[in-house]
Amino acid sequence: MRFTVSPETLLQSQSESSASTAPYSPEDFDRVVMSTYGRFPLSLERGQGCRVWDTDENEYLDFVAGIATCTLGHAHPVMVEAVNQQIRKLHHVSNLYYISEQGRLAEWLTQHSCADRAFFCNSGAEANEGAIKLARKYGHTVLGIENPVVLTANASFHGRTLATITATGQPKYQKNFNPLVPGFHYVPYNDIAALEEAIADLDQDTRQVAAILLEPLQGEGGVRPGDRAYFQRVREICTEKGILLMLDEVQVGMGRSGQFWGHEVLGIEPDVFTSAKGLGGGIPIGAMLCKSSCDVFQPGDHASTFGGNPLACGVALAVCETLEREHLLDNVRQRGEQLRAGLRAIAQDYPQYIEEVRGWGLINGLALKSDAGMSSIDVVKAAMAEGLLMVPAGPQVVRYVPPLIVSEVEIDQAIAITRRTIAAL
Ligand SMILES: *Cc1c(COP(=O)(O)O)cnc(C)c1O
């Protein structure tokens, strides 16, 4: 049986559905959507480049980018084209079959990193779950550990599933969700003595360390860059002990650091790393990548229905190729320096409020003093009223994560709005 839709029916259904795309009131929204987020009273309707418009046609400079996700900004022609082409051709098939787009994306990622293989999923948490499963199987089958432990850092963030909130070294994400998943242990970030001590302590036990999972730069934990000397020593320790070094590149990877991957800034190669946020430029996709030497997964060990489907992979590949073709890493480094210089000048003029400015490339934080009398959310709200969207990274840090295509003029505008906002508070 063939289904045909006449052009008239199509037009009619389009005009009918336009009524249902009218702004949806916050009251109605809160009645039918679970209240898992503390939302701002803002509803965005469309975007173009680094700008977005709300339902009242107010314009904002978007330095949130879906939280470090919209790599190419909004409505980028490459993404529009990639989505269009792929949805017309083939958007989803099962991983029971070979998927060309997935193969090509894996090829690009492995050619542009130290990894040899990729597993695709749909989010950062899921990518980290995959890495944790890989570490456990590696612990059992290669290292002969009965109770493998994954070491993670205090103030880290690895996602919202049960295993990843357990991996996350912040009690606020774990409260009321116990029993947590066993097999994790926490160490202070950037502290090599504490790490060596924890490994030695656990070695006395049957709970031995199979892997260390760290962010190259802690994003949610307050935009805290990893220390080069620390990470180089962690790499040595992992190599000496045969432990897997796994890096969570979900926020800092995909060019945001000014290199393709955060571990390039640190001058090390991990055994496993994860990517998500910026990978699809806003189309949901996650990936776990590893060296072939630690790929212990066999058919049946891990899977995802949507993971690596033609639509997500086709778009992600277009995003990756655009990063390279348009030399966006140069832009990330230059705009990042421009932004930090501008924010540091503000910090110098308002030392009573601002502790420091820190970050890499286009992931930067304005850290407020604990006695500044204002929190990150106060600054974010005030800047929003001035037409600049930013996102807190904890109670004291305002985070700047614009699209990687952001221009010199847009950075200057963001600096000017930040200055006005701080001056007025
Ligand atoms: C956002 C984030 C995650 C979780 O990603 P989701 O796609 O929300 O599951 C994990 N790790 C880091 C470092 C992140 O920034």
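The structure presented is a predicted model; accordingly, all values stated were derived computationally and were not measured.

Student: So what's going on with the overall build of the protein chain? Which residues, and what values?
Tutor: Within the protein chain one finds 14 helices and 17 strands. The C-alpha radius of gyration computed for the protein chain amounts to 22 Å, which stays within 12% of the reference 22 Å derived for 425 residues, consistent with globular compactness. By residue count, 52% of the 425 residues in the protein chain fall in the buried class. Across the protein chain, the 35 positively charged side chains and the 50 negatively charged ones have centroids separated by 1 Å.

Student: Please give an account of the environment of C238 that cites residues and values.
Tutor: With respect to the helices and strands, the residue C238 is situated in helix α9 (residues 228-241). Taking relative accessible area as the criterion, C238 reaches 1% and is therefore assigned buried. When the C-alpha positions of C238 and P188 are compared, they lie 17 Å apart, and in sequence the two are 50 residues distant. Ignoring any residue separated from it by four or fewer positions in sequence, one finds C238 in contact with I212, I243, L244 and L245.

Student: So, the layout of surface pockets: which residues are in play, and what are the values?
Tutor: In this structure, the second largest pocket encloses a volume near 710 Å³. Surrounding the second largest pocket, 25 residues form its lining, N95, Q102, A118, F119 and H302 being those nearest its centre. Looking at the lining of the second largest pocket, the elements with two or more residues in it are α5 (100-111), β4 (117-121) and β12 (286-290). Examining the composition of the lining of the second largest pocket, we find that four residues originate from one element, β4, more than from any other. Classifying every residue of the lining of the second largest pocket gives 14 nonpolar, eight polar and three charged.

Student: Which residues make up the site of the ligand, and what values go with them?
Tutor: Lining the immediate environment of the ligand, one finds S123, G124, A125, N128, F157, H158, G159, E215, D248, V250, Q251 and K277. For the ligand, an oxygen atom lies 2.8 Å from a polar atom in the backbone of A125. Between an oxygen atom of the ligand and a side-chain N or O atom of K277, the distance comes to 2.6 Å. Computed on the free molecule, the ligand has an accessible area of 380 Å², of which 80% lies beneath the protein chains in the complex. Looking at the shell around the ligand, the element that brings in the most residues is helix α6 (residues 124-143), giving three residues. Taken together, the residues of the shell around the ligand sort by class into three nonpolar, six polar and three charged.

Student: Any details on the packing of aromatic side chains? Residues and values, ideally.
Tutor: For the structure shown, the criterion picks out eight aromatic pairs. When the ring of Y189 is compared with that of F231, the centres are 6.1 Å apart and the planes differ by 75°; the resulting orientation is edge-to-face. With Y189 in the loop between β6 (184-187) and α8 (192-203) and F231 in helix α9, this pair connects stretches of sequence that are 42 residues apart. Neither Y189 nor F231 differs from the other in exposure class; each is buried. An angle of 15° between the planes, with centres 6.2 Å apart, marks the rings of Y350 and Y353 as stacked. Judged by relative accessible area, Y350 falls into the buried class, the value being 19%. Grouping aromatic residues by their ring pairs yields a cluster made of Y189, Y230 and F231.

Student: So, the pattern of salt bridges: which residues are in play, and what are the values?
Tutor: The full count for this structure, using the stated rule, is 19 salt bridges. The closest approach of N and O atoms between R335 and E408, which form a salt bridge, is 4.0 Å. Of this pair, R335 sits in helix α12 (residues 328-349) while E408 sits in helix α14 (residues 408-424), placing them 73 residues apart in sequence. Across the salt bridge formed by R358 and E356, the nearest N and O atoms sit 2.7 Å from each other. On the basis of relative accessibility, which here comes to 12%, the residue R358 falls in the buried class.

Student: Describe the environment of D28, listing the residues and the values that go with them.
Tutor: Tracing the chain through its elements places D28 in helix α2 (residues 26-32). A relative accessible area of 31% means that D28 is categorised as partly exposed. When the C-alpha positions of D28 and D330 are compared, they lie 45 Å apart, and in sequence the two are 302 residues distant.

Student: Describe the packing of α12 against α14, with residues and values.
Tutor: Relative orientation of the contacting elements α12 and α14 amounts to 20°, with a least axis distance of 10 Å. Viewed along their axes, α12 and α14 adopt a mutual orientation that is roughly parallel. Crossing of α12 against α14: the hand is right-handed. Facing R335, Q338, L339, G342, L343, A345, I346 and D349 of α12, the residues of α14 in contact are E408, I411, D412, I415, T418, R419 and I422. Split by residue class, the contact of α12 with α14 holds seven nonpolar, three polar and five charged.

Conventions we followed
Residues numbered from 1 in each chain as written. Predicted model: local features only at pLDDT ≥ 70, side-chain atom pairs only at ≥ 80, totals over all residues. Heavy atoms only, no water. Helix = DSSP H or I, 4+ residues; strand = E, 2+ residues; numbered from the N terminus. Rg over C-alpha atoms; globule rule 2.2 N^0.38 Å. Buried < 20%, exposed > 50% of the residue type's maximum accessible area, 1.4 Å probe, protein only. Lys, Arg positive; Asp, Glu negative; His and termini not counted. Charge placed at Lys NZ, Arg CZ, Asp CG, Glu CD. Contact = heavy atoms within 4.5 Å. 1 Å grid on protein atoms, 1.4 Å probe; cavity = no way out; pocket = protein on both sides within 12 Å on 5 of 7 lines; lining within 4 Å. Points joined across faces, edges and corners; volume = space filled by probe spheres on them. Nonpolar A, V, L, I, M, F, W, Y, C, P; charged D, E, K, R; others polar. Near = heavy atom within 4 Å. Polar contact = N/O pair within 3.5 Å; in protein donor to acceptor, adjacent residues only side chain to side chain. Areas by Shrake-Rupley, 256 points an atom, 1.4 Å probe, with all protein chains shown as cover. Phe/Tyr/Trp six-rings, centres within 6.5 Å; stacked < 30°, edge-to-face > 60°. Salt bridge = Lys/Arg side-chain N within 4 Å of Asp/Glu carboxyl O. Axes fitted to C-alpha atoms, helices over the stretch in contact; angles between N-to-C directions. Parallel < 35°, antiparallel > 145°, perpendicular 65-115°, else oblique. Left-handed = near helix turned anticlockwise from the far one by under 90°.

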